[in-house]
Amino acid sequence: MNEETKKRIEDMIHSHKVFLFMKGIPDAPECGFSMRVVEILKSLNTEFGYFNIFDDENIRQGVKEYANWPTIPQLYIHGKFIGGADITEELHRKGKLKEMILK
């Protein structure tokens with residue numbers, strides 16, 4: 001990944017306390033996994049930034065390399081990569097996701 005793409009990704013993940021790279025937008029997710037993460041964040045009344053990876057192929061591929069994580073969605077909290085839908089669901093079920101957001 002080039003430096004410009006890396007900087008764009010870093011700027012995005014630091015632009016909000018909670019940031020989600022997803023397929024689609026929160027009001028119209030384009031995959032079930034993205035929808036699950038959005039639903040969890042909304043259930044916690046969490047404001048979050050997002051980026052639709054279908055809008056830019058460089059970002060779509062770059063986030064996979066940046067996080068060393070091959071799938072989308074990707075959730076970041078306080079600039080730290082958390083994981084995808086399954087990890088987000090597990091943290092939410094255990095009550096840890098809300099704790100992470102509130103830190």
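Note that the structure is predicted; figures quoted are calculated from it, not measured.

Trainee: Would you explain the side chain of Asp56 in this entry?
Mentor: The topology assignment puts Asp56 in the loop between strand S4 (49-52) and helix H3 (57-67). Among the residues examined, Asp56 registers a relative accessible area of 16% and is labelled buried. Within the structure, Asp56 has its side chain in polar contact with the side chain of Arg8 (distance 2.9 Å). Filtering out sequence-adjacent residues up to four positions away, Asp56 remains in contact with Arg8 and Phe51.

Trainee: In this structure, what is going on with the pattern of salt bridges? I would like to understand it.
Mentor: Here the idea is simple: oppositely charged side chains can pair when their charged atoms come close. Using the criterion set out here, one finds seven salt bridges in the structure. A salt bridge links Glu57 to Arg60; the shortest N-O distance between them is 4.0 Å. A residue pair is termed a helical-turn pair when its members lie 3 or 4 positions apart in one helix, as Glu57 and Arg60 do in helix H3 at three residues. For Glu57, a relative accessible area of 46% translates into the label partly exposed.

Trainee: What is the right way to look at the packing of aromatic side chains in this model?
Mentor: Aromatic rings in a pair are described by how distant their centres are and how their planes are angled relative to each other. Counting across every chain of the model gives six aromatic pairs. Between the aromatic rings of Tyr66 and Tyr76, the centroid separation amounts to 6.4 Å while the plane-to-plane angle is 50°, which identifies the pairing as tilted. One end of the pair, Tyr66, is in helix H3; the other, Tyr76, is in strand S5 (residues 74-77), and 10 residues separate them in sequence. Relative accessible area serves as the criterion here: at 28%, Tyr66 is assigned to the partly exposed category. When its relative accessible area of 1% is taken as the criterion, Tyr76 is described as buried. Taken together, the ring pairs in this structure connect Phe19, Phe21, Phe51, Tyr66, Trp69, Tyr76 and Phe81 into an aromatic cluster.

How each quantity is defined
- Residues numbered from 1 in each chain as written.
- Predicted model: local features only at pLDDT ≥ 70, side-chain atom pairs only at ≥ 80, totals over all residues.
- Heavy atoms only, no water.
- Helix = DSSP H or I, 4+ residues; strand = E, 2+ residues; numbered from the N terminus.
- Buried < 20%, exposed > 50% of the residue type's maximum accessible area, 1.4 Å probe, protein only.
- Polar contact = N/O pair within 3.5 Å; in protein donor to acceptor, adjacent residues only side chain to side chain.
- Contact = heavy atoms within 4.5 Å.
- Salt bridge = Lys/Arg side-chain N within 4 Å of Asp/Glu carboxyl O.
- Phe/Tyr/Trp six-rings, centres within 6.5 Å; stacked < 30°, edge-to-face > 60°.

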